[in-house]
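# Summary of the model geometry
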Amino acid sequence: MDELRLPVLPTTVIGSYPRPRWLREIIRLWRAGRVKEKHLREAFDDAVVAVVRDQEEAGVDIPSDGEQRRDEMVEYFAERIEGFRFYGPVRVWGNAYYRKPAVVGPLKYKGAIVVEEFDFLRRVSYSPVVKVTITGPYTIADWSFNEYYSSKEELAFELARIINRELKALEEAGASYIQIDEPALPTHPDEVEWAVMAVNEALRGVNVKLGMHICYGDYWRIAPYFEELRVSQFALEFANRGFKDLGIAEAIPEDKELGFGVIDVHSRRVESVEEVAAALRKILKILPPQRIYVNPDCGLKLLPRRIAKRKMEVMVKATKIVRGELKGVEGPVLRVP
Ligand SMILES: [Zn+2]
């Protein structure tokens, strides 16, 4: 293991990024049987190169692959785990639909789910460290129909076993920074206690930097578990909440970091550099700079691509200004294979 010193207030993304219009067109043609699978795969690779380039141009320190290959964060995993089948699309927010998976038999790990994604990203990335995202076991369980296991809890623990194998496969492949996405975690207060245990089962014995991203819901429901959760970072949204509840940052134990959400992904208005810098100065009154990463609130995928890119540019510019005010402060260290 080598140690990599990051700049203070490292900038990163949460994960998803808008698909280029041409990729959406190729996916449509592939669904209609007019494009071959191998050409679709080539298009996915090219799209990852393009979104990595957007992040490089914006100056993001730790890029993701924009989840270009994933239509949806639960479906993508369910499709790659034995025991799921799909019914028709169900409506989620507004006009968004997704194909809700159903568990119809014993779940089995069929082999690597996102390791190839990681390998490709690392190959085309400008940065020695990249972020890989994994949907957590509780959110997969919560967003699926359970038609096989005796309870949602049992299902979540079965999924934890599978996600644990995937995390170990990623570690083996050389990943150094993995983010577990658990947006459902605060949404059923009566289930949080076992949900946290299930997530911890998924993270057991994994020796890479682990973060957790949660976007909706009341963070105070999760705060009592910040210590217990086996992650060293919580990436949370603040911009969409008007930077109101910064007190939650104080609830993060001293040996863990905050991924500070400074860009509202639900609004097309591009933030000003000054307002983002002001938010950073505010959080620096609460946490020491070594414990803060800078990221958008959530994935950027629902925005038009040019707006997503401009928002990343603003995030990086603001961070650089505030870095300049922190003269001589060293950034965090990351272990890389
Ligand atoms: Zn999110």
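Look up a bit, the structure's there.
Residues numbered from 1 in each chain as written. Predicted model: local features only at pLDDT ≥ 70, side-chain atom pairs only at ≥ 80, totals over all residues.

Even without being a glycine, glutamate 67 presents a positive backbone phi close to 50 degrees. Within the secondary structure layout, glutamate 67 lies in the loop between helix 2 (37-58) and helix 3 (75-78). A positive phi is found at phenylalanine 243, a non-glycine position, where the angle reads about 55 degrees. Of the residues examined, phenylalanine 243 has 16 C-beta atoms within 10 Å and is grouped as partly exposed. (Helix = DSSP H or I, 4+ residues; strand = E, 2+ residues; numbered from the N terminus. Buried ≥ 20, exposed ≤ 12 C-beta atoms within 10 Å, placed from the backbone.)

Between the first and last C-alpha of helix 6 (residues 152-173) there are 31 Å, a value that for 22 residues agrees with the 32 Å anticipated at 1.5 Å per step. By the burial criterion, the buried members of helix 6 are Leu155, Ala156, Glu158, Leu159, Ala160, Ile162, Ile163, Glu166, Leu167 and Leu170. Following helix 6 by one or two positions, glycine 174 adopts a phi angle in the positive range, close to 105 degrees. (Expected span 1.5 Å × (residues − 1).)

Turning next to the pairing of strand 9 (residues 257-261). Of all five residues in strand 9, five are buried, a share of seventy percent or more. Neither face of strand 9 is exposed, since Glu257, Gly259 and Gly261 on one face and Leu258 and Phe260 on the opposite face are all buried. Alignment of strand 9 against strand 10 (residues 292-295), held across four bridges, turns out to be parallel. By the bridge assignment, glycine 259 is partnered in strand 10 with tyrosine 293. (Pairing = 2+ DSSP bridges.)

A few words on the sheet that holds strand 6 (residues 177-181). Strands sit in the order 4-6-7-8-9-10 across an open sheet of six strands; the sheet is parallel. In this open sheet, the two strands that pair with only one neighbour each are strand 4 (132-135) and strand 10. Across the sheet, the mean angle from the axis of one strand to that of its neighbour is 25 degrees, orientation sign disregarded. Bridging between strand 8 (residues 233-237) and strand 9 involves five bridges; their strand directions are parallel. Bridging across to strand 9, alanine 235 finds its partner in glycine 259. Each of strand 4 and strand 6 is contacted by helix 6, which is oriented at about 170 degrees to strand 4, the strand it contacts most. (Axes fitted to C-alpha atoms, helices over the stretch in contact; angles between N-to-C directions. Contact = placed C-beta atoms within 7 Å.)

Here the focus is the nonpolar core. Grouped together as the largest cluster of nonpolar side chains are 93 residues, with contacts concentrated most on Leu159, Ile178, Val199, Val262 and Met315. Broken down by element, the residue count for this core peaks at eight residues, all from helix 6. For methionine 315, the residues in contact, after removing those within four places along its chain, are Thr11, Val262, Ile263, Val276, Val294 and Pro296. (Core = buried A, V, L, I, M, F, W, Y, C linked by C-beta atoms within 7 Å.)

Moving on to the environment of proline 186. Inspection of the secondary structure puts proline 186 in the loop between strand 6 and helix 7 (192-203). For proline 186, a count of 20 C-beta atoms within 10 Å corresponds to the buried category. Proline 186 sits 34 residues away from tryptophan 220 along the chain, and the two C-alpha atoms are 8.5 Å apart. Residue contacts for proline 186: discarding those within four places in its chain leaves Ile214, Gly217, Asp218, Tyr219, Arg221 and Ile222.

This paragraph deals with the packing of helix 6 against helix 7. Packing of helix 6 against helix 7 brings their axes to within 7 Å, and their N-to-C directions diverge by 25 degrees. The orientation of helix 6 with respect to helix 7, classified from their angle, is roughly parallel. The handedness of the crossing between helix 6 and helix 7 is right-handed. Contact residues: helix 6 offers Glu153, Ala156, Phe157, Ala160, Ile163, Asn164 and Leu167, while helix 7 offers Trp194, Ala195, Ala198, Glu201, Ala202 and Leu203. Of the residues assigned to the contact of helix 6 with helix 7, the class counts are 10 nonpolar, one polar and two charged. (Parallel < 35°, antiparallel > 145°, perpendicular 65-115°, else oblique. Left-handed = near helix turned anticlockwise from the far one by under 90°. Nonpolar A, V, L, I, M, F, W, Y, C, P; charged D, E, K, R; others polar.)

Here we come to the sheet that holds strand 5 (residues 145-146). Here three strands make up an open sheet; going across it, the order is 2-3-5 and the pairing mixed. Edge strands, defined here as strands with exactly one partner in the open sheet, are strand 2 (81-91) and strand 5. The sheet contact formed by strand 2 and strand 3 (residues 97-109) spans eight bridges and is antiparallel. Its bridge partner lying in strand 3, glutamate 82 is registered against lysine 108. Each of strand 2, strand 3 and strand 5 touches helix 6; the most contacted strand, strand 3, lies at about 80 degrees to it.

So, on to the environment of isoleucine 113. Following the sequence through the fold, isoleucine 113 ends up in the loop between strand 3 and helix 4 (115-124). By the C-beta count within 10 Å, which is 21 here, isoleucine 113 ends up buried. Taking the C-alpha atoms as reference points, isoleucine 113 and phenylalanine 243, 130 residues apart in sequence, are found 36 Å from one another.

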